[in-house]
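# What the coordinates show
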Amino acid sequence: MRTTLRLQLRFLLPLALVLVAAAYLTLPLVDRLTVRWFARDLDLRGDLIANALSDPLENALATGDTASVDALFERTVLDERLLALGLCPPDNRLSQPTRAFPAELDCAQAARLGEARRPLFKAATGAVHVRVQPLRSAAPQAPRLLLVHDFSFVEHRSKDTRGYLLVLIVAMGAAMALITVVVAQLSWRGWVAGARAVLRGEGLLRPLSPPPPEFAPIAVELRARLRGLEDEYRRARGPESAWNAERLRRLLATELHDQEIIVVSNREPYLHERDGDRIVVRRPASGLVTAIEPVMRACSGTWIAHGSGSADRESVDDHDRVRVPPGEEDYTLRRLWLTEDEEQGYYYGFANEGVWPLCHAAHVRPVFRESDWRRYRAVNRRFAEAVVVEARSEDPVVLMQDYHFALLPAMLRELLPRATIITFWHIPWPSPESFGICPWSQELLRGMLGSTILGFHTKHHCRNFMETVDRQLEARIEHEHDTISHEGKETLIESYPISIEWPSPEVCAAWPAAKLCRERVFARFGLRSDARLAAGVDRFDYTKGILERLHAVERMLEKYPEWTGRFGFVQIAAPTRSALEEYRAFQARIESVTERINTRFGREDYRPVHLVAEHHDQDALIELYRAADACVVTSLHDGMNLVSKEFVAARDDERGVLVLSRYAGAAREMTEALIVNPYHVEETADALQRAITMPAEEQRVRMASLRDTVREYNVYRWAGRMLSDAARVRVRERIADRVAQSREP
Ligand code: G6P
């Protein structure tokens, strides 16, 4: 508020100064012009009178009839403006002056005024206009006519004009000030967006015809000015207040009236596993879980997921619910049990052999089986029914996660028509041609369009989705509003780049010092204290570019042999979907390439590559991130990739270098990383070399900037933006409902 006021003052003060200067300059100018106009008028008038009097006057003078001259003069000065008349003979002795002739004026003075072209004279009675006019005959001895006009009325007129002008300037100033204040108060972004739309020729509500070409340079200039203004406004307003758990909770309470949030995902946030006699709780390796879990802790509510832990059934109540996180119990986890057939067809089959490779350009062919499709549909229906059971109102806010549930939004829309359904697609969306090979592509699209909001990580994925719908369905797509209307329902398609929870100062304080982490990790992997360490942390998935990364490590050792014995690459690869042949074959391939590199460059006491195919908990990962000189993310295609963000969050010492694939969504935000094409082995090898030899100061500058980005664009902002959009849509829908009801007879 105070910033807006400051901003307004910055507009208003210069405006006031400009207006005062305008008044100061224009008023005397207007005075001068008025005088000049009237003086010219009186000159013309004088000529006219002299012409009219010439003949009778010359006749009277020729006969010496001074009485006639007097009578003629007295009749003439009856004119309202003409004050006096007189005659100036060649000797300049004034004769026949009329009664009101100013005593202080004589012929000599009048002649001087005429020569100086300054016809005004200040008489005791007021300002007068003086003109000496020869008679028509112009005989050498003929007197000249001296005309004296009253000029005081001009002063009155000039005073009036000044008054009007002053009022006009003040009124204009007030109007401009008012407009400035109103504009500043209006939603700045909306205004700027609107203005830009107009400049683009789109209009605010519906497309206008584009501006004629002759306006193009002006439009370009205006656009640049607007952008400048917008930047200045942002700078003046300071950084947007930070997103955190508290702000998200407030948003939920105010904009969504404490509506309960229901999350649906395949993967559960906590698995209860049997370990001998004990039950242990494990966090799965899943970017989705990493992101959603802090949001659920902040929002409370219910998370529905497949119960896949070996001791999951033993840990729930009669309604298959358990409060989590263990010991804190912030929200409810509702587990849904799947038969082996269901898991095989829906999860392994359709989701992970079909949709996963379909959406990732990683050169693995998708497999589509009719039986998997049937299971996928059935399991989606079961989850929809579970949402209805868990919902406490008829209009809950439901957050659907990922490619396991493409059909669920439309199914739920049938069961709970008033629900607000936000679907987030955590993986990339391919081109329309790639997606089109799915035999059930239209059914998947129709299912997804049951959502109120459909979110992707990047604008590129949103565009791909819209184009896919355009090719496959009869739907109305409004690009300027990012909406798709299908079968009477509108879906907002928007990009929401996902992120992580930024660690609090307390959490950071509990981490072991980076130096200690380094010592521990180096000891574990038998690295010399002067060695460099690069790390990769992934699920064992063919989309992650682990093979390409190993090729780059191999090439680096080949190209820069000085690193042999002094460089270690640790690859954590959490086992995943190992029931699938594709994954098992991939793992075997990685193991053999690792073996080959180690044989080629290793020695008895040295192995350059350490492949650890185990699940690691968060503490172990933090230790590795803090120990490494470089973190290498070389995904062949990735929706976002949260490992890159976790690495940056762990480096509060502002050291370490991120090598990041340009095919990961994260590359759009994390531009200070060393961005590589993972298919280009040479380029990736050089980036690795550059990372482990980068001067400390350059590391610090890059890391500090990356940390600013991830801190600001954290997961609460991700959820907050989606939920505020949902709140806006809800308000619009409620109003539309009321209007529809009021129209019903
Ligand atoms: C990706 C998907 C998530 C999934 C995660 C782990 O990040 O987008 O939905 O949970 O991989 O895969 P998994 O099959 O083990 O759940």
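Being a predicted model, the structure only gives us computed values, none of them experimental.

Rules and cut-offs
Residues numbered from 1 in each chain as written. Predicted model: local features only at pLDDT ≥ 70, side-chain atom pairs only at ≥ 80, totals over all residues. Heavy atoms only, no water. Near = heavy atom within 4 Å. Areas by Shrake-Rupley, 256 points an atom, 1.4 Å probe, with all protein chains shown as cover. Nonpolar A, V, L, I, M, F, W, Y, C, P; charged D, E, K, R; others polar. Domains from an automatic or database assignment. Disulfide = S-S within 2.5 Å. Helix = DSSP H or I, 4+ residues; strand = E, 2+ residues; numbered from the N terminus. Buried < 20%, exposed > 50% of the residue type's maximum accessible area, 1.4 Å probe, protein only. UniProt positions renumbered as here; feature names shortened; annotations may be inferred. Pairing = 2+ DSSP bridges. Axes fitted to C-alpha atoms, helices over the stretch in contact; angles between N-to-C directions. Contact = heavy atoms within 4.5 Å. Arc of directions from axis to C-beta. Phe/Tyr/Trp six-rings, centres within 6.5 Å; stacked < 30°, edge-to-face > 60°. Lys NZ or Arg CZ within 6 Å of the ring centre and 35° of its normal. Expected span 1.5 Å × (residues − 1). 1 Å grid on protein atoms, 1.4 Å probe; cavity = no way out; pocket = protein on both sides within 12 Å on 5 of 7 lines; lining within 4 Å. Points joined across faces, edges and corners; volume = space filled by probe spheres on them. Polar contact = N/O pair within 3.5 Å; in protein donor to acceptor, adjacent residues only side chain to side chain. Patch = residues over 30% accessible without salt bridge, like charges linked within 9 Å, V, L, I, M, F, W, Y side chains within 5 Å. Salt bridge = Lys/Arg side-chain N within 4 Å of Asp/Glu carboxyl O. Core = buried A, V, L, I, M, F, W, Y, C linked by side-chain atoms within 4.5 Å.

## Describing the site of the ligand
Around the ligand lies a shell of 13 residues, among which Arg-267, Ser-286, Tyr-347, Asp-402 and Arg-577 are the nearest. Compared with its free state, where it exposes 370 Å², the ligand has 91% of that area covered by protein. When the residues that make up the shell around the ligand are grouped by side-chain class, the tally is five nonpolar, four polar and four charged. Viewed by domain, the shell around the ligand spans two of them, domain 2 (253–495) and domain 3 (505–713), each represented by three or more residues.

## Thoughts on the state of the cysteines
All told, the structure shown has one disulfide when counted by the stated rule. The disulfide partner of Cys-88 is Cys-107, and the S-S distance across this bridge is 2.0 Å. Negative torsions about the S-S bond denote left-handed disulfides, and the value of about -90° found for Cys-88 with Cys-107 makes this one left-handed. Of this pair, Cys-88 sits in strand β1 (residues 82–88) while Cys-107 sits in helix α3 (residues 107–115), placing them 19 residues apart in sequence. Just as Cys-88 is buried, Cys-107 falls in that class too.

## Concerning the UniProt feature "transmembrane region" (unreviewed entry) in the protein chain
Look at the UniProt record and you will see "transmembrane region" (unreviewed entry) annotated at residues 12–30 and 164–188. In the segment residues 12–30, helix accounts for 100% and strand for 0%; the C-alpha atoms at its two ends are 26 Å apart.

## Topic: the sheet that holds strand β3 (residues 126–134)
Each strand in a sheet pairs with another by means of backbone hydrogen bonds, the pair being arranged parallel or else antiparallel. Spatial ordering of the open sheet is given by β1-β4-β3-β2, a layout of four strands whose pairing is antiparallel. Taken across any chain shown, the strands that pair with only one partner, and hence form the sheet edges, are β1 and β2 (120–123). Within this sheet the neighbouring strands show an average axis-to-axis angle of 30°, counted without direction. By the bridge criterion, four bridges tie β2 to β3 in an arrangement that is antiparallel. Looking at the pairing, Lys-122 lines up with Ala-127 of β3.

## Looking at the environment of Phe-121
Within the secondary structure layout, Phe-121 lies in strand β2. Between the C-alpha atoms of Phe-121 and Pro-102, which are 19 residues apart in sequence, the distance is 10.0 Å. The residues touching Phe-121, leaving out its near neighbours within four places in the chain, are Glu-104, Leu-105, Gln-109, Leu-113, Gly-126, Ala-127, Val-128 and Val-130.

## With respect to helix α7 (residues 245–255)
Among the residues of α7, those classed as buried are Ala-245, Arg-247, Leu-248, Leu-251 and Leu-252. Projected onto a plane normal to the axis of α7, the buried residues spread over an arc of 165° and lie on a single side. In this fold, the buried residues of α7 make contact with β5 (261–264), α8 (287–299) and α23 (715–743). Immediately beyond the C-terminal end of α7, within one or two residues, lies His-257, with a positive phi of roughly 50°.

## Remarks on the packing of aromatic side chains
Both the distance between ring centres and the angle between the ring planes are used here to describe each pair of aromatic rings. Counted according to the given criterion, the structure contains 22 aromatic pairs. Look at Trp-356 and Tyr-403: their rings are 5.5 Å apart centre to centre, the planes differ by 50°, and that puts the pair in the tilted class. Here Trp-356, found in helix α9 (residues 340–359), pairs with Tyr-403, found in the loop between β11 (397–401) and α11 (408–415); they are 47 residues apart in sequence, far enough to count as distant. Pair check on accessibility: Trp-356 and Tyr-403 agree, each one buried. Note on Trp-429 and Phe-456: the rings are 6.0 Å apart at their centroids and 75° apart in plane angle, and the pair reads as edge-to-face. Pair noted here: Trp-429 is in the loop between β12 (420–424) and α12 (432–435) and Phe-456 is in strand β13 (residues 453–456), with a separation of 27 residues, a long-range link. Take Phe-456: its relative accessible area is 0%, and that puts it in the buried class. The cationic tip of Arg-247 hangs over the ring face of Trp-243; the distance from NZ or CZ to the ring centre is 3.8 Å. Here Arg-577 stacks its cationic end above the ring of Trp-356, 4.2 Å away from the centre of that ring.

## Description of helix α21 (residues 681–692)
Here α21 contains 12 residues, and its C-alpha end-to-end distance of 17 Å stays within 8% of the 16 Å for a straight helix at 1.5 Å per residue. Of the positions making up α21, those classed as buried are Thr-684, Ala-685, Ala-687, Leu-688, Gln-689, Ala-691 and Ile-692. Residues of α21 that are buried sit in contact with β17 (532–539), α17 (546–559), β18 (567–574), β20 (630–633), β21 (657–661) and β22 (674–676).

## A closer look at empty space enclosed by the protein
For the structure on display, the rule yields two cavities of 30 Å³ or more. Empty space within the largest cavity amounts to approximately 40 Å³. In terms of lining residues, the largest cavity is bounded by Val-521, Arg-524, Phe-525, Ile-572, His-616, Ala-620 and Leu-624. Only α16 (514–524) and α19 (618–627) provide two or more residues apiece to the lining of the largest cavity.

## Topic: the side chain of Thr-634
Topologically, Thr-634 is positioned in the loop between β20 and α20 (643–650). A polar atom in the side chain of Thr-634 sits 2.7 Å from the side chain of Arg-549. Beyond its immediate stretch of four places on either side in the chain, Thr-634 contacts Lys-544, Gly-545, Arg-549, Ser-661, Pro-678 and Thr-684.

## Digging into a nonpolar patch on the surface
A cluster of nonpolar side chains, contributed by Leu-29, Leu-33 and Trp-37, occupies part of the molecular surface with about 300 Å² of accessible area. By the secondary structure assignment, Leu-33 is in helix α1 (residues 2–62). By relative accessible area, Leu-33 is classed as partly exposed at 33%.

## Focus: the sheet that holds strand β19 (residues 609–612)
Pairing within the open sheet is parallel, and its six strands lie in the order β19-β18-β17-β20-β21-β22. In this open sheet, the two edge strands, each paired with only one partner strand, are β19 and β22. When strand polarity is set aside, the average angle formed by the axes of neighbouring strands in this sheet is 20°. Relative to β18, α17 is tilted by about 175°, and along the sheet it contacts β17, β18, β19 and β20.

## Remarks on the nonpolar core
Membership of the largest hydrophobic core comes to 92 residues, with the highest contact counts inside it found for Trp-425, Phe-465 and Phe-567. Per-element tally for this core: the top contributor is α9, with nine residues. Mapped onto the domain boundaries, this core takes at least three residues apiece from domain 2 (253–495) and domain 3 (505–713). Ignoring any residue separated from it by four or fewer positions in sequence, one finds Phe-465 in contact with Trp-429, Leu-445, Met-448, Leu-449, Leu-454, Phe-456, Ile-484 and Ile-493.

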